[in-house]
Amino acid sequence: MGLCNYKKKFETKVRSIDNMINLLDLEKKINSELATKINKTEIKHNQIYIEIDKDDLIEVTLFLKSNKDTKFRQLIDITVVDYPEQSLRFKVVYLFLSHEFNQRIILNYFISEKEVIRSLTSIFPAANWMEREVFDMYGVNFKDHPDLRRILTDYNFEGHPLRKDFPLTGHTEVRYNEDQKKVVNEPVKLEQNYRNFDYESPWEGTKYIKEQTNDNDKKN
């Protein structure tokens, strides 16, 4: 039993080393072929992270998909990370998979709130709904998208729910009005102190709870 476990651990370690060597070779290949198109590369969690400029998206993506040494032919997801305090507010992230080489690449770049970026639908048709979701949730606009409209929220929805400055309660609520005999949209009626959040870690507690706790300690 001990010999069997040792053999499994050894085989796992060998596979891990082989995978790392393959990733290093792939990273060198990408940097040498794309050169000025790549701002930064990094290997983490058995994946390659690539940072580019938004204007180079199409050229870089075409290379990753078509080159015989890469073959990243599946787009797994498109998402966005919101940094509201930064001038380049949004980090746009693309996840690609190469079935043939069993490797993953995460591609990203930063844009400001008002920038319009290129659509990948002409290269990866699956990008259609993914980009619509990013448009709906974050308000990021895509150029040359065939049907850019909301996909998760309602037609008259205001704002973009996954932006960090969007109130958790939303701006409007939907209910059935007995008098009008129809569904109506109404402004959310809450005290403003329930709509302000400090984005602190949930383990540290929110500011107003800390203040109440300190006041109670003083009274006691």
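Residues numbered from 1 in each chain as written. Predicted model: local features only at pLDDT ≥ 70, side-chain atom pairs only at ≥ 80, totals over all residues. Heavy atoms only, no water.

### Description of a nonpolar patch on the surface
Inclusion rule: Grouping into patches uses exposed residues only, defined as over 30% relative accessible area, and leaves out salt-bridged ones; the cut-off is 9 Å for like charges and 5 Å for nonpolar side chains (Val, Leu, Ile, Met, Phe, Trp, Tyr). Shrake-Rupley sampling with a 1.4 Å probe provides the accessible areas, and residues are treated as covered by the protein chains on show and by no other component. The term salt bridge refers to a side-chain nitrogen of Lys or Arg lying within 4 Å of a carboxyl oxygen of Asp or Glu. Numbered from the N terminus, helices here are DSSP runs of H or I no shorter than four residues, and strands are runs of E no shorter than two.
On the surface, a cluster of nonpolar side chains totalling about 310 Å² of accessible area is made up of Val174, Tyr176 and Val183. Mapped onto the fold, valine 174 is located in strand E8 (residues 172–177).

### Let's talk about the sheet that holds strand E2 (residues 47–51)
As a reminder, the rule being used: Pairing between strands is defined by DSSP: at least two bridges between the two strands are required. What counts as an axis is a line fitted to C-alpha atoms, over the stretch in contact for a helix, and the angles between N-to-C directions run from 0 to 180 degrees. Two residues form a contact once any of their heavy atoms are found within 4.5 Å.
If you walk across this open sheet you meet the five strands as E1-E2-E5-E4-E3, and the pairing is mixed. Here the strands that pair on one side only, and so sit at the sheet edges, are strand E1 (40–44) and strand E3 (74–82). Within this sheet the neighbouring strands show an average axis-to-axis angle of 20 degrees, counted without direction. The pairing of E1 with E2 spans five bridges and is classified as antiparallel. For glutamate 42, the partnering residue across the bridge sits in E2 and is tyrosine 49. Taken strand by strand, helix H2 (residues 57–66) contacts strand E4 (90–98) and strand E5 (103–111), and its axis lies near 180 degrees from that of E5. Sheet strands touched by helix H3 (residues 127–138): E3 and E4. Its angle to E3, the strand with the most contacts, is close to 10 degrees.

### Things to note about H3
Threshold: Every helix has an expected span of 1.5 Å times one less than the residues it contains. Using a 1.4 Å probe on the protein chains alone, a residue whose accessible area is under 20% of its type maximum counts as buried, one over 50% counts as exposed, and one in between counts as partly exposed.
Between its first and last C-alpha, H3 extends 16 Å over twelve residues, near the 16 Å set by a 1.5 Å rise per residue. For H3, the buried fraction is high: nine of the twelve residues fall into the buried class. Those residues of H3 that fall on the buried side of the exposure criterion are Ala127, Met130, Glu131, Arg132, Val134, Phe135, Asp136, Met137 and Tyr138. Residues of H3 that are buried make contact with E3, E4, strand E6 (116–118) and strand E7 (141–143). Backbone geometry just downstream of H3 places glycine 139 in the positive-phi region, at approximately 80 degrees.

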